[in-house]
Every structure is written in structure tokens, then in C-alpha cells.
Amino acid sequence: MLTDVMMYWLLSVVRRQRTSQGWQTWSLARSSSTSAEAHPVTLPTQAQVVICGGGVMGTSVAYHLSKMGWKDIILLEQGRLAAGSTRFCAGILSTARHVTIEQKMADYSNKLYQQLEQETGIQTGYIRTGSIFLAQTQDRLISLKRINSRLNVIGIPSEIISPKKVAELHPLLNVHDLVGAMHVPEDAVVSSADVALALASAASQNGVQIYDRTSVLHVMVKKGQVTGVETDKGQIECQYFVNCAGQWAYELGLSNEEPVSIPLHACEHFYLLTRPLETPLQSSTPTIVDADGRIYIRNWQGGILSGGFEKNPKPIFTEGKNQLEIQNLQEDWDHFEPLLSSLLRRMPELESLEIMKLVNCPETFTPDMRCIMGESPSVQGYFVLAGMNSAGLSFGGGAGKYLAEWMVHGYPSENVWELDLKRFGALQSSRTFLRHRVMEVMPLLCDLKVPRWDFQTGRQLRTSPLYDRLDAQGARWMEKHGFERPKYFVPPDKDLLALEQSKTFYKPDWFEIVESEVKCCKEAVCVIDMSSFTKFEITCSPVLLQVETAQIRLPEYWLVAFSPELHCLSGHGAQPDALMLALLCSLTLKSTGDQALEVLQYLFSNDLDVPVGHIVHTGMLNEAGGYENDCSIARLNKRSFFMISPTDQQVHCWAWLKKHMPEDSSLLLEDVTWKYTALNLIGPRAVDVLSELSYAPMTPEHFPSLFCKEMSVGYANGIRVMSMTHTGEPGFMLYIPIEYALHVYNEVMSVGQKYGIRNAGYYALRSLRIEKFFAFWGQDLNTLTTPLECGRESRVKLEKGMDFMGREALLQQKQNGVYKRLTMFILDDHDTDLDLWPWWGEPIYRNGRYVGKTTSSAYGYTLERHVCLGFVHNFSEDTGEEQVVTADFINRGEYEIDIAGHRFQAKAKLYPVPSLFAYKRRKDDVELSDLHGK
Amino acid sequence: MFSDAMPAPTQLFFPLIRNCELSRIYGTACYCHHKHLCCSPPYISQSRLRYTPHPAYATFCRPKENWWQYTQGRRYASTPQKFYLTPPQVNSILKANEYSFKVPEFDGKNVSSVLGFDSNQLPANAPIEDRRSAATCLQTRGMLLGVFDGHAGCACSQAVSERLFYYIAVSLLPHETLLEIENAVESGRALLPILQWHKHPNDYFSKEASKLYFNSLRTYWQELIDLNTGESTDIDVKEALINAFKRLDNDISLEAQVGDPNSFLNYLVLRVAFSGATACVAHVDGVDLHVANTGDSRAMLGVQEEDGSWSALTLSNDHNAQNERELERLKLEHPKNEAKSVVKQDRLLGLLMPFRAFGDVKFKWSIDLQKRVIESGPDQLNDNEYTKFIPPNYYTPPYLTAEPEVTYHRLRPQDKFLVLATDGLWETMHRQDVVRIVGEYLTGMHHQQPIAVGGYKVTLGQMHGLLTERRAKMSSVFEDQNAATHLIRHAVGNNEFGAVDHERLSKMLSLPEELARMYRDDITIIVVQFNSHVVGAYQNQD
């Protein structure tokens, strides 16, 4: 239902666009179209969806929602449609991205924009120019080759070309300093403002109502659910709200009573427009991306448009929307100087080209360089799509599609965890953090992306109490979800390379350090601080409601006599004196405990009704059987459970549990991550260390695997000791109340000395667990993988006597077979010293045909080979359709892994290699004396 | 302790000395290391010139090179290499005391009108008699910054630099906070912190006297609590500043009269009281800037005009003989028959250059009191000729006050920075030059005059050339990270063209300790930078 006014306005814009195209015309259209002011419009009072933001993101979401059949949609724009960053966008559409999901989004956008003109009749200026990514260094070329091999397998044509070929494709380029380039012929340029208008126009034809000059003040929330939107022109009731407010999304998120934290921050971004060349540049001239020179160059109206991502970005709007700053958005030539130098080095002939304008258009960046989409963890029905890291046009179509799917179906059709809003929490929402981090992120867009890169800004936010101790012992740190985790420990006599020099696609300089840590884990004992893991306590608390129902059956005088005690009992299970009281309590506890356990059994796929003290590995599955979370749960006592999840699950897992627990449930959920320091004692000698410290037998007979006990360690009591190490190695996890952490650590280290104890870091852990085929959620597992697809049937109890989420899907899958299978690959002809190392995302070939991509990799020090984990699909040779993957299919293939265009032979394994370890350990027992006293 | 005769023969100095400094140095040479005090009448009766508005004098003073050449000939010809410092050595001397503070960026809400400050000092006396302080008020809003120029030793300036801000902060506190603090002290609970100091490691606090100082301060707030009538809730900053200055001076005087059983402390409080210090203190809270000045240090506001040029706005009046109103005041405060003796040779009673100061009880106490205190005081004091010396024509004390003159200024977006400096700076540089140098330095750090293409035909090549040139200029000129250091470099090293002359700078800095004071005074500078955005936002609110 397009309002007449809007229709008129859209048409008028379109008409003007037709007559002549370009920047100035567009700004004319902006200033002259005053019809909306002349006729004040009244907003509808309700709708199903309200979208805030009329840029390419908002219009794309509206377009896709309306295509998918949702009609009751209102799109609000505070200024004019497509007048924010979208208007200023350089208009380059490029599919060459580092992350597969981003490649897919860009690819979809490309296809969408191409046919948009035909669909809507609005000219979008779409021209397939292709783009060329230049490499000035060998490392850059490797990076391009990695992208190239990934683009090819998802059907986007691209090739690595020689400098000579580059010169043929582009007339003005200086190619003398190039070592190669990547050519992506189907990339395009397009006018982003016109794309947004076309999407808006198509959406409004599908019934979306569009109102400009309408600002959203805040979103109304009741009981954690969106109920409406307050605008400067009145209220609109709605069930869904979509925040596509671009650089203002952060502020808009905070304006709610229940704030939604959307961590993004704007930086000034500059690009140059020139007058046409003497012989105007053809409109089909390919776009150039010279990442080593930090610039991009496209043809623009016979001249060029060139911008870049400087090393010293200027963050802006830290204090929120600031009129002064908006007015001050001026050209800053001094700031642009390095980019201009770079441009003239690349195209020396441009010296005599006349400048038209230096455009300053703020772009939005996120803390990890990936965009933000999805539903708020705290407010249901509040969706976000923002933070495009200056690739808004490339992602617009695909991102809008995925978000629309998410809203309509509850799930996007691809795994978007890497982009999910819930990967962040409130902890990334500090303005200072964002300001500092985006100053690092923006230059990173052009920096070489190497494996194991850690952000340098915004660090040391969350730390374990042992941080200083470990740091003093040479720990090098990485960060996950704001938490500092040790990577490895540099021995005092060893020097590592400086940060910049340590960037490599080959064998890293810490190789020997981690090797000795792994060796120590295998032969003696290591301690790893793993405090970052997300820890929840789930308690089935008898609530007073239940107590009252029980009381009804009792004589009234009891009530008076015992209710105070009752109250206290219900809180903390102390021993009651009176027999009857005990009876009464056990009655209540049982009834509520059962109900609560039922809820848990429904949420988790494994059977949680295990004896106290047992640990269960289990998934939290969605209806489709995919992993929402992969966790370990220890049953502390009859009524409470201790749940350990990956670090970055803190927000997602909490939101998932909250969303799926019945409102009247008596389950108490508490995030105790901050309460415990976790030490992982890995290695055959962990037993000896612990038993010496606790005077308790720790042998497998007394302390079987996957067991949890509260015990004393040193002087400290109440340490939760669990016999698991997340690596498949023998050892224990110690969950220590933080005030005891230093004590326990000191004791462990001093007692452990005679067993050869040493500190180890996450790199050692990673090598150990990948070698043992331990998949991790977030890297190998995601919401689209089921336990059956990764050989984890044992972690699912299909017949636990009751239904659980995803059971139906799993049963079906069990019957039909799986369409992909997590497989372990051991690289055969790979030279660790000389060959490129695998990372993740490398294409897997079976009998010469592409079957999937790797998800993680590590060097296995025991196997003395590289190990990759990855999914194998079975694409039909004729139709490309996915077919069932059987163990036989996997076993009967010859495999190759493509690392930056070079294929390495690999052995596929469905189960961990029966360890060489048992043998080795016996052999090494003799040699252990060497380790003593070290 | 106050006066060691200069080892060099007097006549040697005459040719070396700038005309405008003759009397001052003469006084110094004869008596003590400090210009402010001169206990015997100078032989040369030429009046002192600092920066006089008369062009004739100005040209008279300008050609500094002349005397320099002379100096070179006389002094350094025999040992030309000995004092020659390399640029890194010069830098290490200039930067030894530099300090910078940036107001931390909080969440965006807690934004301050002060971006931060740079400060530095360059000693001429040994030890230096200047002091500086900077602190953020924690219980009220605002920031305090001050420079203190001591004379007859550094005891008084040291004490004032430690204590004055506490007095000011307490004067600014609302009644309830005072009560809370008093109750906390009474019951031995932890105190609310009042000030957050921003100190260079060389800026020390005396540990020994802290208890004594604290007790005096506590007495002060107890009186403030008692005096509170419960009516007025608005605290007037101007009044608070005046009260704090007067009260501290009063306490300094009282402590010296009462003495202390600890002999070290007893000697300390007497040294504090018998030496003196001027103070120039700025209090910045949002757009409200108060400057309280006692003596001849100066506060200068750097204003950027619309065309980008710089102009200076003086926010303090010097309290010395060049100030007609001060002369008038002194004459009015004393009987008519003293009109000629109260200021002689531009000095108070012919001795003291600043007309207002902390300490200096010699100009405040009655003769009786002075004698009594000195007699009962420690031997060191008794043996000292200077302390025993009673100023001539000393009839109606007090002749000196610590009461400051307070100026209020409401900050505007064009007010970019404030320079607080002791007279060591102002006597070598004109205020206009000071503001220009700092202004250009600060904007150069951030943006030179921006280039805009607007309308002109410019090619990429031309633009590139222009930008490269600008960048080269930036990197060569601004080797200092600190505006105050930059200013000192100019103050000490400027040649006749207003450019820093390395040779001259090196010579000035390599002067032996005992000579340095003759060519320059202690210089202490604080440059406070304002946040025009925040100031502008305040303005828009109204």
C-alpha cells in the first residue's frame, strides 16, 4: 500500500534519474522534492514489521520480506531514502571476500542488482566491469590465491593473472612493481542510491509502506518483546522491528529502555572524484583494488573515483550524533595525501587530471570487521542489520535476504554465526572500546589477512586472576569475547619476531615452543588457564508457588509453624529437623525437580538424568537438529547442573536458554563465568599432582573419566574437579572460585615441579584436540550441523524416554542418512617447513571433484602431520544436488586439500587415529627422568 | 642560606647584560640569587624594563644578538667547545621536566572542556624556585592549574604548590561534603579523595609536613562547617579562590608563629614563612574560567580569530610597579608620609618586586613579632643576616598581601588555549609572540590551515606536490611533543627573526649553574588546551 505521496515522490525521482544520471542530479532531486512536506502524512498505527533506515540495507530487507509474502511492513527513514552512507557509496560491487558467507552474500547481491532494472524499471547504472586485485608482494598473492580457490568452488569465476595481463586489462596501470593479480570478471559497479530506490520501489509495489522524514525515537518493549515504535510522528504498534540505521544503529539500540547493544562505530572515509580524462575512461574499465597501496580505483563518468583505507583513520560520532561534526565533514587533503601518492604511483598518467572533489563519507565499522545481523539476545522481535565495514553495497542484497529468511522462517538458509549479533555482548559496547577498535579495524581492511591474527586494541578487558603471573612467565595472549587467553609461553631465552614480521602463511616462529608444550602435555603435565569458557549454573529451585500447593494438603497450623523455615529451605536445601517437615520438603522438591529436569531434557539432546557427579557431553539442538551450542554438563547434585560452553557462547547460549525455557519454569539460570577460574591440567602426570595436593586417590578406579567432584586442592576447599580436558588427553579441569585461583595455581606449580609441570597455551590445546578429532562449536560445528553429521551419535540419546528439540529431525536423518559428514584429513605430502600451512576454508577435493571445505586445522605433533577437519558433501555429478554421504563414500575416495591453489594429498578419517600415544608413552616413561626438575 | 655573594667580580657583568636586566641582575649579584628580593638599594637607578609598550624601549631591547656576540667574545672565546651541546643533548635538557596530561576520553558523556595540558619548567636557579601544580577536583567539577614563582628560596613556593589547591577545593565544597569528610576523619574512615593530582615525577610533596598541613586544612574546613548558616547553597568560585589564598597565607604565617616541637618541621615552617611565592591559578569548569593571580606571573588566553590568526587576551594583572592600580592601592593603604618610601626603584620598600605574595612575613609581621620569632627560632635562622634584616621605612605593616585578583572569563569556541607562566617567560617574550607560537604549534599538530579545492582548477599532480611539501614542513618544524617545551625552546633560543637558533639555545643551556641566573630566570609554563567542540556545545545550550 504505497501512499500516494510516496508513489509520486518515488516516480518523480525515477523520472529525474532517467533524464540524466549522476551525483549532482541526485542531490538536486533531494532538494527539490518537497512534496512530502507539503502534505503532512499520518502514520498507520500498527503494522507487523517496522524497518528503520531507508538505505540499501533497510530497502533490501523490505524488498525480501515483501517477496516472501509478508505484506504488513512499514519502512521509516529519518531523512530521504538512500540519503545516508548509501548515497555516498563508491558503488563497487565485489565478491572477493575472505569469508565464504560474505562471498555468498556478495554473489547474490550481484545477481539481484543485475536484474533489478528489468524488474523495477529503475536505472541502477549496473555495469559489469570486473575487478582486478593487485599483489605487490608474494604474501599478498598467496592471500589472493586463497580467495581465488574459494570463489571458484562456489561458482564465481576468477583467475590469478600475470602483471602483463593486468596491463592488457587496464590501460593506465603501472604494473612494474606487481607480482601478480586476481581477476574477477563478473564484479560490477552500480549506483547504490539507485539500487536502494529500485528496491524500495519494488517493495512498495509489493505493499510495503515507506515514510521518509520520520525518525524513530525508540522502540517500545514489553516483557522482552517488541511491542511498537515511538516516532516523531506518532506511535506504531508492531511485532518486529528491524534496525537498519547504519552508523546510527548503535545509538538507536541504546535508546530503548531495555538497551540493545549493537557494537559499531563510524570513521571518516575519503574518496576522490576527478573530471573526465582527455580520452574519457570507458565505463567498462575494470575496478582496481591495490590493497598494498591501500586504495581502490574505479571508472567514474570518464574520470576516476579513488579512495582507500588509511593507516590512521579518523573515528567520528563517538559521542553520538553531533551536528558540529556533521557540519565539519570536510575534505581533508593532508589526511588523503598518502592515498593520493599511492594512486599516482599506480597510475602516473593521472598527474595532469583535474580534481573535481574529495568526498568525505563516514563508513561504519564493527569490532571484528564482519557485519552485524540477527535478533537481539534480550529483546525478541528486535532485528538488526548494520555495520557493513564499507561493503554495504556488496552485501546489501544477500544480507537483506538472509535477515528476511531469519524473520520469516526463524532461520536463515546459511550459517551466519560469524555475522550474528549474538557473537557480541554488552561488553563490546563501550564507546571508548569501539572508538579504539575501529581505528584498528579500518586499516585492517587493506592489511594482509594472515592466520592467527589478534586484534591489538581493546585488549585486557576480561582477564583471569592469574593474568599477571602468566604474563610474567612469558605468556603471549589472544583474545576471545574480550577475554585474554594465553597462546603459548615464550621461554626466557627465546625471542620471537616482532608483530609485523611474524605475519606468515608458512610455518610460524612459535612452532618449536608449542611443540614442547604439546610434548609436555603428552608426557608429563601442563596447566592451561581456560577461565574464558562460558559457565552457567542451572538450578531446579523449588519456588514458593509449589510450596503453597503442597501446603494445601496440610493442616493449617503447620503452615504457621513452619513457613519461615520452609522459605529458607526452599532456597538452600538445609537439613530440616522435623520429620514431617522433611517429608513435606522432599515432596515439593521432587515435584518441582522433576518438572525442571523435564525442561532440561527437552533442551539438551543427551540424557541429563545421570547420577550426581557425572558429566555429560551434549548438544543444544534446534528443531532442525543443528547445534545451537555444544557443551559439557556436570550434575552437581540432584537439583543443579554446571554447564560449560565455548567462550563466545556467553550471549547466544543464554538467549537460547531464556527463549526456550517455559516462563513459569522453576529453573534458575545463573551466569557464573566470572566466579570461577578454570585450570586445565593435561597430561599423564596430572593424576599425581592432584592426588598429592588433595590427599585423595585420583586413579581411574576412584575418579573415572567424565566425573565431577568438589574437593580440596591445597588449602582451598570446594574446588570442582572434573576428569576431562577438552582434548581427549588424560587430565582434569579445575573450576576454582576466583579468590583461591592464585593459591591453587601456586600449589599446582610447586607440587607439579617434580612431575615436570609447565604452562601451556591454547595453541597446544588446539593441536591436541584437532589431532584427536575434537570438533569445536563456532569453528567446526554450527547451527546447520547435526550430531549425526559429525559422528556424535553417542552424544545424543534418541531414546531417552521423552522428546527433545531436534529429535524428530535426527530420527529422520538417521533413517535417510546424512548429506555431509565431518571428516578428519591428514595431509600426506605436505612439507611443514616449506609448504603453505592450511588454515580453514580450504576446498576439499575427492577424486578430483570439489566436495566441501575445511573448518579448522592444526599441526599434529604426535602424528607429525597437518590435520584438517572439514565437511565432505556428495554432489551429484549430473545435477549438483546433494546426496547421502556414507562412511563408504568417505573411505573410498582419494582426497586433496587446496591450499592457495596448490593441492596436497590427504588421508580421510572418520574416527580419530588410534593413538600412537599408548605405545609412545611406555617408551617415554623411561625418558621422563629427563624432564624432572626442568 | 639566602645570599651567597656571586663569586665573579661585579664589573665583569656589565657588558654582558641586557640593559633591561641591569638593575635586576645587579641586585641579584650583590645579594641573593633571586630577582624578587634585593636587600640593599641597587647602585644603578635605571628602571627595570620588561615589556614596555613604548616602541623606543622595545627597539632598545630587541637586538639581543649584540650582547650575545659580546658575550661570546668575552666569555666563550677561550673555551668554544666546552659548552657546546648537540641537539639531542639540548632536547634532553629541555624535556627533562616536561609533562603532558590528556583528559581521558570517557564514554562520550563525561566530556570535559579541557582536552589536556602540557607543562614544563627550565631552571635557572639551583635549585629551581618555580613550582607548578595541576589537579582535577574530584568532589566538585573542574580542573585546577597553577604556576608558583618562589623567591628567597623555594620553601614557600613548594608549600604553596602542595597546599593551595586543597584550600581551594575545600572552599568549593558544599556543606554536606564537608560534613561527610569531617565525619570520616572523626571516625577514622577512609576519606573521600578531593583532588587527583597530575604530577611530573620531579614534582614532589613533602612527607614530613603532611600531617601538619593536614591539621591546618582540617581546622579550615571545620570553620567552614561552623560558619555555614544553612542558607546559601551556591558557592561563588571567585570568593572561594580569594578565601583559599588568604587562608593559606594566614596559616603559613600562624604555623611559623606557633612553631613545631619537631625541630626539622619548626625550621621548615619558618623557612616557608620567610621566603615568598607568587601564584597564578586557573580554575576551569565547563565554560567558566577563573584566574586568581597574586604577583607577577601571568595567564594569557590564546584566541583564534576567524581568519585563523592568533591574538592574546590577558586574564591577569601583574602586581608590580608597572601596574598603576597597584601603586595606587599601596599608597592608599599606608599613611601619606610613606607615599615615597613604600615603593622605591619599582620595588616594595625598595626591596621586593612583586607587590603581592605568599609568605614573606618580613613584609607582613610587625617588627616585634619578627624579632620574637627569630630569637626563639633555631640557630640557623638567627644567624641569617637576611632574615634578621628589617626592611627600611617599615612603619605600618603589613605591606604585603596574598589576596589574589580574580578574573572571570566565559570560554568561547575561539578560545583555544590558556598559557600560565612565571615571569621568566614573559620577560623574554611578548605575549603576542607567545600566543602565536603556541597557536601555530597546536594547530600544526592537528591541522594546518586546511586546503580546499573549491572552484579552482587543480590537477592531481599539483595537489600531490603541495601536500608533500606541507608534510615535510610539518615533520621538520615540530620536533616537540609538548607545547610548553616548544615555548621554552623559543623563549631561550629565539634569534632576531623569531626563529630558534640552535647555537644560541645550546649556549644558553650550557651556562654553568652559577651564571645561568644572570641570563635568564626560572621558566615555568602550563599550556591548557580547550575542547572547542565541548565549549561550542555549551554555548549552543544557552
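Owing to the predicted nature of the structure, the values given are computational and were not obtained by experimental measurement. (Residues numbered from 1 in each chain as written. Chains lettered and ligands numbered in written order. Predicted model: local features only at pLDDT ≥ 70, side-chain atom pairs only at ≥ 80, totals over all residues. Heavy atoms only, no water.)

**Student:** Mind laying out the interface of chain A and chain B, listing which residues take part and the relevant values?
**Tutor:** Contacts between chain A and chain B engage 24 residues on the former and 22 residues on the latter. Together, the buried faces of chain A and chain B total about 2100 Å²; carbon and sulfur atoms form 58% of this surface. At the junction of chain A with chain B, the criterion picks out 0 salt bridges. At the junction of chain A and chain B, the tally comes to 6 residue pairs in polar contact (both at pLDDT 80 or more). Listed by contribution, the elements that provide at least two residues to the side of chain A that touches chain B are strand 14 (270-274), helix 11 (323-327), helix 12 (333-346) and helix 14 (431-444) of chain A. Broken down by element, the residue count for the side of chain A that touches chain B peaks at 7 residues, all from helix 12 of chain A. (Contact = heavy atoms within 4.5 Å. Buried area = accessible area lost by both parts, 1.4 Å probe. Salt bridge = Lys/Arg side-chain N within 4 Å of Asp/Glu carboxyl O. Polar contact = N/O pair within 3.5 Å; in protein donor to acceptor, adjacent residues only side chain to side chain. Helix = DSSP H or I, 4+ residues; strand = E, 2+ residues; numbered from the N terminus.)

**Student:** Mind laying out the packing of helix 5 (residues 155-172) of chain B against helix 8 (residues 237-258) of chain B, listing which residues take part and the relevant values?
**Tutor:** Residue and element names in this part refer to chain B. Close contact between helix 5 and helix 8 brings their axes to 8 Å; oriented N to C, the two are set at 135°. Judged on the interaxial angle alone, helix 8 and helix 5 are oblique. By crossing handedness, the relation of helix 5 to helix 8 is classed as right-handed. Counting all contacts with helix 5, which are made through Val160, Arg163, Leu164, Tyr167, Ile168, Ser171 and Leu172, the residues of helix 8 involved are Val237, Ala240, Leu241, Ala244, Phe245, Arg247, Leu248, Asp251, Ile252 and Glu255. Of the residues contributing to the contact of helix 5 with helix 8, the split by class is 12 nonpolar, 1 polar and 4 charged. (Axes fitted to C-alpha atoms, helices over the stretch in contact; angles between N-to-C directions. Parallel < 35°, antiparallel > 145°, perpendicular 65-115°, else oblique. Left-handed = near helix turned anticlockwise from the far one by under 90°. Nonpolar A, V, L, I, M, F, W, Y, C, P; charged D, E, K, R; others polar.)

**Student:** So what's going on with the sheet that holds strand 26 (residues 534-540) of chain A? Residues and values would help.
**Tutor:** Across a sheet, strands are paired by hydrogen bonds formed along the backbone, either parallel or antiparallel in direction. Residues and elements named next belong to chain A. Spatially, 27-28-29-26-30 is the arrangement adopted by the 5 strands of the open sheet, whose pairing is antiparallel. Bordering the open sheet on either side are strand 27 (615-621) and strand 30 (667-671), each of which pairs with just one other strand. With direction set aside, neighbouring strand axes in the sheet form an average angle of 30°. Pairing of strand 26 with strand 30 involves 5 bridges; the strand directions are antiparallel. Across the sheet, the residue bridging to Ile538 is Leu669, located in strand 30. (Pairing = 2+ DSSP bridges.)

**Student:** Tell me what's going on with the confidence of the model for chain B, and back it up with residues and numbers.
**Tutor:** Per-residue pLDDT for chain B averages 80, and the proportion of residues at 70 or more is 79%. Low confidence marks residues 37-81 of chain B, where pLDDT is under 50. Its contacts with residues over four positions away, or in another chain, come to 83 contacts. (pLDDT = per-residue confidence, 0-100.)

**Student:** Go over the packing of aromatic side chains, please, and point to the residues and values.
**Tutor:** Residues and elements named next belong to chain A. According to the stated counting rule, one finds 38 aromatic pairs over all chains in the structure shown. Between Trp248 and Phe317 the ring centres are 4.8 Å apart and the planes differ by 55°, which places this aromatic pair in the tilted class. On the criterion of sequence distance, the pair formed by Trp248 in the loop between strand 12 (240-243) and helix 10 (249-254) and Phe317 in the loop between strand 18 (315-316) and helix 11 is long-range, its members being 69 residues apart. Comparing Trp248 with Phe317 shows no difference in burial state: the two are buried. Judged by centre distance (6.1 Å) and plane angle (80°), the ring pair of Phe703 and Phe707 falls under edge-to-face. According to the relative accessible area criterion, Phe703 is buried, its value standing at 3%. (Phe/Tyr/Trp six-rings, centres within 6.5 Å; stacked < 30°, edge-to-face > 60°. Buried < 20%, exposed > 50% of the residue type's maximum accessible area, 1.4 Å probe, protein only.)

**Student:** Please give an account of the nonpolar core that cites residues and values.
**Tutor:** It is characteristic of soluble globular proteins that their nonpolar side chains tend to be buried jointly. Ranked by internal contacts, the top residues of the largest apolar core, which has 58 residues, are B:Leu164, B:Phe165, B:Ile168, B:Leu195 and B:Phe358. Here the element with the most residues in this core is helix 5 of chain B; it accounts for 11 residues. Sequence-distant contacts of B:Leu164, that is, excluding residues within four places in its chain, are made with B:Phe148, B:Ala244, B:Phe245, B:Leu248, B:Ala279, B:Val281 and B:Phe358. Counting 55 residues, the second-largest nonpolar core is a separate cluster that includes A:Tyr63, A:Leu393, A:Ala399 and A:Trp406. (Core = buried A, V, L, I, M, F, W, Y, C linked by side-chain atoms within 4.5 Å.)

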